[in-house]
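Structural description and commentary
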Amino acid sequence: MLTTRENGSLYTHIVDKVATIEFGHPASNSFPSELLDRLTKEIDKLSDNKEIAIIVLKSEGDRAFCAGASFDELIAIDNLEAGKKFFAGFANVINAMRTCAKLIIGRVHGKAVGGGVGIIAACDYVLATETASIKLSELSVGIGPFVIAPAVARKIGVNALADLSLDAANWKNAYWAKEKGLYAKVFDSVNDLDKGVEILTEKLASYNPEALTEMKRIFWEGTAHWDELLLERAKISGKLVLSDFTKKALSRFKK
């Protein structure tokens, strides 16, 4: 059942050492600030939970995986501090995922835009369906994917990041995302996706948890500076969202 809550929903279910975080929002599973904060805190909490070995990150419904930033909150930003704070929400989620002691498996059943692509990129391993197309549309409204760019480039490389971000009006399909390294596997259906997630997490949960944590540290070597870097990028986005160009572009979308 899809949530109708204005600030979205977030639930965690733990079964056999696997914690599944499910987020949702009535606007195509987009993220308002409150939901970003809740997700950050939940990941931090699960990182310290000795009873789990693996985290699965998924979203509600059977359509979009994540539409990125809350459109209503973007439009409402009216000063630099508010803009920086909003985009810092995505920085905090990505850094929480990066530093989490548990491997995070992304379960992507549908399309993802903007910050949703960044959250996918911050997962350690991602399984998706063939309907899970991606798009970075930020430049089309006068901002850019500055906060999420390090996570996306780490997964798919700078050239593919350029292709994805500069071709801001068009979707890249799931097989493109797999070829570039964002997705590990692409399935024909949601049922097959869920079966794949179950098989993978059951196997991973049977491994030595200390070994999994050490592997994660290796995966993320060289990213310790992201605590500062992503907040600096949030400031850039927070400034640009106040520009006349962006305000006019957002108002056109609102109409």
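All figures in this text were calculated on a predicted structure; none of them were measured in a lab. (Residues numbered from 1 in each chain as written. Predicted model: local features only at pLDDT ≥ 70, side-chain atom pairs only at ≥ 80, totals over all residues. Heavy atoms only, no water.)

With their axes 8 Å apart at the nearest point, helix H4 (residues 115-122) and helix H5 (residues 149-156) run at an angle of 55° to one another. Considering the angle they form, H4 stands oblique to H5. The hand of the H4/H5 crossing is left-handed. Here Val117, Gly118, Ile120 and Ala121 of H4 lie close against H5, whose contacting residues are Ala151, Val152, Arg154 and Lys155. Looking at the contact of H4 with H5, its residues break down into five nonpolar, one polar and two charged. (Axes fitted to C-alpha atoms, helices over the stretch in contact; angles between N-to-C directions. Helix = DSSP H or I, 4+ residues; strand = E, 2+ residues; numbered from the N terminus. Parallel < 35°, antiparallel > 145°, perpendicular 65-115°, else oblique. Left-handed = near helix turned anticlockwise from the far one by under 90°. Contact = heavy atoms within 4.5 Å. Nonpolar A, V, L, I, M, F, W, Y, C, P; charged D, E, K, R; others polar.)

Right, let's get into the environment of Ser9. Looking at where Ser9 falls in the secondary structure, it is placed in strand E1 (residues 9-15). When the C-alpha positions of Ser9 and Glu210 are compared, they lie 31 Å apart, and in sequence the two are 201 residues distant. Setting aside residues up to four positions removed in sequence, Ser9 forms contacts with Thr3, Glu22, Phe23, Gly24, Leu35, Arg38 and Glu60. At 2.9 Å, the side chain of Ser9 forms a polar contact with the side chain of Glu60. (Polar contact = N/O pair within 3.5 Å; in protein donor to acceptor, adjacent residues only side chain to side chain.)

We now examine the layout of surface pockets. Each pocket or cavity is described by its volume, and for the largest pocket that value is around 520 Å³. What lines the largest pocket is a set of 25 residues, and nearest its centre among them are Ala67, Leu74, Val113, Ser137 and Glu138. Looking at the lining of the largest pocket, the elements with two or more residues in it are helix H2 (71-76), helix H3 (80-99) and helix H11 (244-254). Across the lining of the largest pocket, the residue classes break down as 16 nonpolar, seven polar and two charged. (1 Å grid on protein atoms, 1.4 Å probe; cavity = no way out; pocket = protein on both sides within 12 Å on 5 of 7 lines; lining within 4 Å. Points joined across faces, edges and corners; volume = space filled by probe spheres on them.)

Right, let's get into the pattern of salt bridges. One pass over the structure, following the stated rule, counts nine salt bridges. We note a salt bridge from Lys180 to Glu179, for which the minimum N-O separation is 4.0 Å. You can call Glu179 exposed: its relative accessible area is 63%. Across the salt bridge formed by Glu214 and Arg217, the nearest N and O atoms sit 2.5 Å from each other. Here Glu214 and its partner Arg217 are both found in helix H9 (residues 209-219), three residues apart, which amounts to about one turn of the helix. Look at Glu214 and you get partly exposed, because its relative accessible area is 43%. Each member of the salt-bridge network shares a partner with another, and the members are Asp163, Asp167 and Lys172. (Salt bridge = Lys/Arg side-chain N within 4 Å of Asp/Glu carboxyl O. Buried < 20%, exposed > 50% of the residue type's maximum accessible area, 1.4 Å probe, protein only.)

A few words now on the sheet that holds strand E8 (residues 185-187). Here six strands make up an open sheet; going across it, the order is E1-E2-E3-E4-E6-E8 and the pairing mixed. Each edge of the open sheet carries a strand with a single partner, namely E1 and E8. Across the sheet, the mean angle separating the axes of adjacent strands is 20° when strand polarity is ignored. In this structure, strand E3 (residues 54-59) lies alongside strand E4 (residues 103-108), joined through four bridges in parallel fashion. (Pairing = 2+ DSSP bridges.)

Bringing helix H10 (residues 226-240) into the picture now. With 15 residues, H10 extends 21 Å from end C-alpha to end C-alpha; this agrees with the ideal 21 Å at 1.5 Å per step. Every buried residue belonging to H10 is among Trp226, Leu229, Leu230, Ala234, Ser237 and Gly238, and all of these are buried. Contacts from the buried residues of H10 go to H3 and H5. (Expected span 1.5 Å × (residues − 1).)

Positive phi, close to 50°, is recorded for Asp16, a residue that is not glycine. In this fold, Asp16 is placed in the loop between E1 and strand E2 (18-24). On the basis of relative accessibility, which here comes to 67%, the residue Asp16 falls in the exposed class. Not every positive phi belongs to a glycine, and Asn29 is a case in point at roughly 60°. Residue Asn29 is classed as buried on the basis of its relative accessible area, which comes to 4%.

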